[in-house]
Amino acid sequence: MKVALLAESFLPHMNGVTHSLLQVLRHLDRRGHEALVVAPRSGPIDEPLHGARTVLLPSVPLPSYPDVRVVMSGAHRLAAIMRGHGADVLHLASPFVLGWRGLVAAEPLGIPSVAVYQTDIPSYAERYGVPGAAPALTRHLGRLHRRATLTLAPSTSALDRLGELGVHAERLRLWRRGVDTERFAPDRRSERWRRGISGDGAVLVGYVGRLAPEKQVEDLRAIADLPGARLVVIGDGPSRPALERLLPEARFTGFLGGDALAEAMASLDVFVHPGESETFCQTVQEALASGVPVVATGRGGPLDLVHSSVDGWLYRPGDLVELRERVRDLVGDDAKRRAFGARARQAVLGRGWDVLGDELIAHYEDAVATRAAVGRRTLDLADRPGPAQAAAPAIPESAVPRTPPWRRYVAVGDSLTEGLCDASRMPTGRYRGWADRLAMLLALTAPATDPVAYANVAVRSRKVDDAVDVQLPAATRLGADLVSVLIGANDLVGMRADPGRLGAALDTAVARVRDAGADVLLITPFLPRRPASRWFEARFAAFADRLRVIAQERGAMFLDVRTLDELVDPAVWAEDRVHLNSAGHRVLAYRAAEVLGVRHASELGLLEQAMHDDGGGDDRHLGDGAWLVRHAAPWVVRRVRGRAAGDGLDPKHAELTRVLDDPRLRGVRVG
């Protein structure tokens, strides 16, 4: 059998998805099948691939979250790859963006698909503080798995979850993860390793896994001070610095892999996993194989792996008091730990990758038979709504939109375009902003031989007259082929605002820019949905309507923010109540990218929302009193003195600079 495997994540990044894929490749090679891996190209590969061929496609990192890479190749390219391999079946490893395009490519070729559900991305969005993204992510996952020929779920809870998403039962199969029972075994236990961790003979209570918000490692604070125990945290990730401050008593080893991980796992006395978003939880299974009793939350994958009072304990999700008591029970009872550990090892015997690999091949054969029986359908169960689900709109299976042609982008505007309050991953006193993020998206989708340069001439507090007299002429002098204009809010909140006059002035300036050969993106100014905003609604609406007419008459592109509920939601505004926070700037960047035709902007936006940790933004809510003192009063003082916040300031990027060459635009902390 010829198998094409599409992976959203692959080497050199080692994670649960990559680990499982390598085990599958090894088993396919043993059974004489031909495997082809299609994955993002993100670095050198040193691991053996067991005879598999690879097609590593150009990929881009998500802006400000470089560990997550997205393949930009379209469905036609993927179809050509699968046709060239002669694929009999398509294996989708934890599909999301690449997996969706793989499905679109495989269907016209009559290639059945087997999707492996491995990551609960909507739950990750909740953990990363962007719950607003969860509904859209959930809809996307449901649509994807309803369209796959078969979906393999690792646990009964995952099966239930997929059923809730409208995936029909006949498309679902239970396929648990295998475990290397030779590598993870009790005889790997090392007294030398234990002495290196704790020389006083303490009971070692350990966690193994990625240190990230979705893993809830901070819950281990409930057991950090247990008498007679020493907490060990094995792994690495973005949350490590914060966790080291939160858990000063714990020993952090950093990332361990291979035999070093097996030795560490077997050397623990108790394994603890607090994460509630696991579809399976491979590290729990590896602990059981190592003969280590487990304490885990009673939700998700661990429900199928841990048997309370037999090989460990399950505690009520979120109940840290019970977590502490369950761990304390094992720490204080050597005989119980030994008994639980022996049963733990017995529980996973027979779950080796040879058994699970043969099950997977049987699922491939099932998918091939199912596809053959159905034929090349034009409407299948994926397109029919289930009893509690509305029909999803059809997705065209055409080629990916063209790469946007602009190579000299200049942003015009006021504080919103300057990026005020978007301090995500920036040095103190510097800001990113939606225009910086949009420039990065344009640069990442441009050919490497034709890089994108960017200037941002916006300055806080500026008004329409400044855009007309200074900023737009500057964009023309710079030779811009794309100019974005977001201006007017400072005018419209004034005492004698005249939307008609403002629109007329801007119309003349936009006409000059268009005559110079540049494309223009007009964006309507906007305010958060708050009671005070109603005072200005008529003015903002009149100005927005005038901008729409300008766009139509001058051949400009147009983004009407009034249609975007997520941008007027107070949750995406900073504590000063007049500027977007980092989440808001991300939303605006991706909405602008959609208007410009940037490839897969909506999918990229959803994925970044799910995976991004702002880490530096200040989105705290302030009470009215604190807001008056910190923000309103200084503004009033400036107005009384006839001054503005932007007085004496120069644009932050006054000259065109290659985006990918400038650390200020990549969100890299400098200095």
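Every value quoted in this text rests on a predicted model; they were computed, and no experiment measured them.

It is worth spelling out the overall build of the chain at this point. Within the chain, the secondary structure is distributed over 24 helices and 21 strands. By residue count, 56% of the 671 residues in the chain fall in the buried class. Look at the contacts in the chain between residues 6 or more apart in sequence, and 72% of them connect residues 24 or more apart.

As a further point, take the sheet that holds strand β9 (residues 172-174). Taking strand neighbours across the sheet as the criterion, the seven strands line up as β3-β2-β1-β6-β7-β8-β9 in an open arrangement whose pairing is parallel. Each edge of the sheet is formed by a strand with only one pairing partner; in this case those strands are β3 (53-57) and β9. Within this sheet the neighbouring strands show an average axis-to-axis angle of 20 degrees, counted without direction. One ladder, built from five bridges, connects strand β1 (residues 2-7) with strand β2 (residues 34-40); its direction is parallel. Its bridge partner being in β2, Lys 2 is matched across the sheet by Glu 34. Along the sheet, helix α6 (residues 156-164) contacts β8 (150-153) and β9; its crossing angle with β9, the most-contacted strand, is approximately 170 degrees.

A word on the nonpolar core. Nonpolar side chains in soluble globular proteins tend to be buried together. The biggest cluster of nonpolar side chains holds 39 residues, and the ones touching the most others in it are Tyr 409, Trp 434, Leu 442, Leu 588 and Leu 596. For this core, the secondary-structure elements that each account for two or more residues are β16 (408-413), α16 (434-444), β18 (482-486), β19 (519-523), β20 (557-559) and α22 (582-596). Looking at this core element by element, the count peaks at nine residues for α16. Leaving out residues up to four positions away in the same chain, Leu 588 has contacts with Trp 434, Leu 486, Ile 523, Phe 526, Leu 559, Leu 567 and Leu 580.

A word on the sheet that holds strand β17 (residues 453-456). Strand order in this open sheet of six strands is β20-β19-β18-β16-β17-β21, and the pairing throughout is mixed. At either end of the open sheet lies a strand with only one pairing partner, and these are β20 and β21 (653-658). Along the sheet, successive strands turn relative to each other by an average axial angle of 15 degrees, direction set aside. The strands touched by α22 within the sheet are β18, β19 and β20, with β20 carrying the most contacts at an inclination of about 150 degrees.

Quick look at the environment of Ala 489 now. With respect to the secondary-structure elements, Ala 489 resides in helix α18 (residues 489-492). Along the backbone, Ala 489 and Arg 462 are 27 residues apart, and their C-alpha atoms lie at a distance of 9.3 Å. Apart from residues no more than four positions distant in its own chain, Ala 489 is found in contact with Asp 414, Pro 525 and Phe 540.

Our next topic: α16. Of all eleven residues in α16, eleven are buried, a share of seventy percent or more. Considered for burial, the residues of α16 that qualify are Trp 434, Ala 435, Asp 436, Arg 437, Leu 438, Ala 439, Met 440, Leu 441, Leu 442, Ala 443 and Leu 444.

For strand β10 (residues 203-208), the buried fraction is high: six of the six residues fall into the buried class. Side chains Val 203, Val 205 and Tyr 207 of β10 all project onto a buried face; the interleaved residues Leu 204, Gly 206 and Val 208 project onto the opposite face, where all are buried too. Bridge analysis of β10 against strand β11 (residues 229-234) gives six bridges, and the strand direction is parallel. Across the sheet, the residue bridging to Tyr 207 is Val 233, located in β11. The pairing of β10 with strand β13 (residues 270-273) spans two bridges and is parallel. Each bridged residue has a counterpart across the sheet, and for Val 205 the counterpart in β13 is Val 270.

Attention now moves to the environment of Val 104. As for its placement among the helices and strands, Val 104 is situated in helix α3 (residues 98-109). Relative accessible area serves as the criterion here: at 6%, Val 104 is assigned to the buried category. Expressed as a C-alpha distance, the spacing of Val 104 and Arg 147, which sit 43 residues apart in the sequence, is 9.3 Å.

So, about the packing of helix α2 (residues 75-85) against α3. Contact geometry for α2 and α3: axes closest at 8 Å, N-to-C directions at 60 degrees. Regarding the angle of α2 to α3, the classification is oblique. The chirality of how α2 crosses α3 is right-handed. Contact residues: α2 offers Ala 75, Leu 78, Ala 79, Met 82 and Arg 83, while α3 offers Leu 98, Arg 101, Gly 102, Val 104, Ala 105, Ala 106 and Leu 109. Looking at side-chain class alone, the contact of α2 with α3 contains nine nonpolar, one polar and two charged residues.

A few words on the side chain of Arg 147. Relative to the assigned elements, Arg 147 resides in helix α5 (residues 134-147). A polar contact is formed between the side chain of Arg 147 and the side chain of Glu 107, at a distance of 2.9 Å.

As a further point, take the packing of aromatic side chains. Tallying each qualifying case throughout the model produces three aromatic pairs. Taken together, a centroid distance of 5.7 Å and an interplanar angle of 75 degrees make the contact between Phe 526 and Trp 573 edge-to-face. Taken as a pair, Phe 526 in the loop between β19 and α20 (537-554) and Trp 573 in the loop between α21 (565-568) and α22 lie far apart in primary sequence, 47 residues in all. Residues Phe 526 and Trp 573 agree in their burial class; the two are buried. Directly above the ring of Trp 100 sits Arg 143, whose terminal nitrogen or CZ lies 4.3 Å from the centroid. One cation-aromatic arrangement involves Arg 326 over Trp 313; the distance from NZ or CZ to the ring centre is 4.1 Å.

So, on to the pattern of salt bridges. As enumerated under the stated definition, the model contains 37 salt bridges in all. In this structure, the salt-bridge partner of Arg 176 is Asp 304, at a minimum N-O distance of 3.1 Å. With Arg 176 in the loop between β9 and α7 (191-197) and Asp 304 in helix α11 (residues 302-305), this residue pair connects regions lying 128 residues apart in the sequence. One salt-bridge network, in which partners are shared between bridges, spans Arg 189, Glu 191, Arg 194 and Asp 269.

A few words on helix α19 (residues 499-515). Between its first and last C-alpha, α19 extends 24 Å over 17 residues, near the 24 Å set by a 1.5 Å rise per residue. Taken as a whole, α19 has its buried residues at Pro 499, Leu 502, Gly 503, Leu 506, Asp 507, Ala 509, Val 510, Ala 511 and Val 513. Residues of α19 that are buried make contact with α17 (464-477), β18, α18, β19 and α20. Directly after α19, the chain includes Gly 517, whose backbone phi takes a positive value near 100 degrees.

So, about unusual backbone geometry. Positive phi outside glycine occurs at Gln 216, with the angle close to 55 degrees. Mapped onto the elements, Gln 216 comes out in the loop between β10 and β11. The class of Gln 216 is buried, set by a relative accessible area of 3%.

Moving on to the confidence of the model for the chain. Summing up the model confidence of the chain, the mean pLDDT is 82 and the portion of residues at 70 or higher is 82%. Put simply, helix α24 (residues 624-640) is where the chain has its lowest mean pLDDT, 50, and β18 is where it has its highest, 97. This model gives residues 375-402 a pLDDT under 50, and the stretch forms 45 contacts once residues within four places in sequence are excluded. pLDDT under 50 marks residues 667-671. Its contacts with residues more than four places away, or in other chains, come to 13 contacts.

What follows concerns the side chain of Asp 560. Relative to the helices and strands, Asp 560 is located in the loop between β20 and α21. Residue classification places Asp 560 among the buried residues on the basis of a relative accessible area of 7%. Within the local environment of Asp 560, its side chain forms a polar contact with the side chain of Arg 548, the two groups lying 2.9 Å apart. Here the side chain of Asp 560 touches Arg 562 through a polar contact of 2.8 Å, side chain to side chain.

Here is what the cut-offs are and how they apply
- Residues numbered from 1 in each chain as written.
- Predicted model: local features only at pLDDT ≥ 70, side-chain atom pairs only at ≥ 80, totals over all residues.
- Heavy atoms only, no water.
- Helix = DSSP H or I, 4+ residues; strand = E, 2+ residues; numbered from the N terminus.
- Buried < 20%, exposed > 50% of the residue type's maximum accessible area, 1.4 Å probe, protein only.
- Contact = heavy atoms within 4.5 Å.
- Pairing = 2+ DSSP bridges.
- Axes fitted to C-alpha atoms, helices over the stretch in contact; angles between N-to-C directions.
- Core = buried A, V, L, I, M, F, W, Y, C linked by side-chain atoms within 4.5 Å.
- Parallel < 35°, antiparallel > 145°, perpendicular 65-115°, else oblique.
- Left-handed = near helix turned anticlockwise from the far one by under 90°.
- Nonpolar A, V, L, I, M, F, W, Y, C, P; charged D, E, K, R; others polar.
- Polar contact = N/O pair within 3.5 Å; in protein donor to acceptor, adjacent residues only side chain to side chain.
- Phe/Tyr/Trp six-rings, centres within 6.5 Å; stacked < 30°, edge-to-face > 60°.
- Lys NZ or Arg CZ within 6 Å of the ring centre and 35° of its normal.
- Salt bridge = Lys/Arg side-chain N within 4 Å of Asp/Glu carboxyl O.
- Expected span 1.5 Å × (residues − 1).
- pLDDT = per-residue confidence, 0-100.

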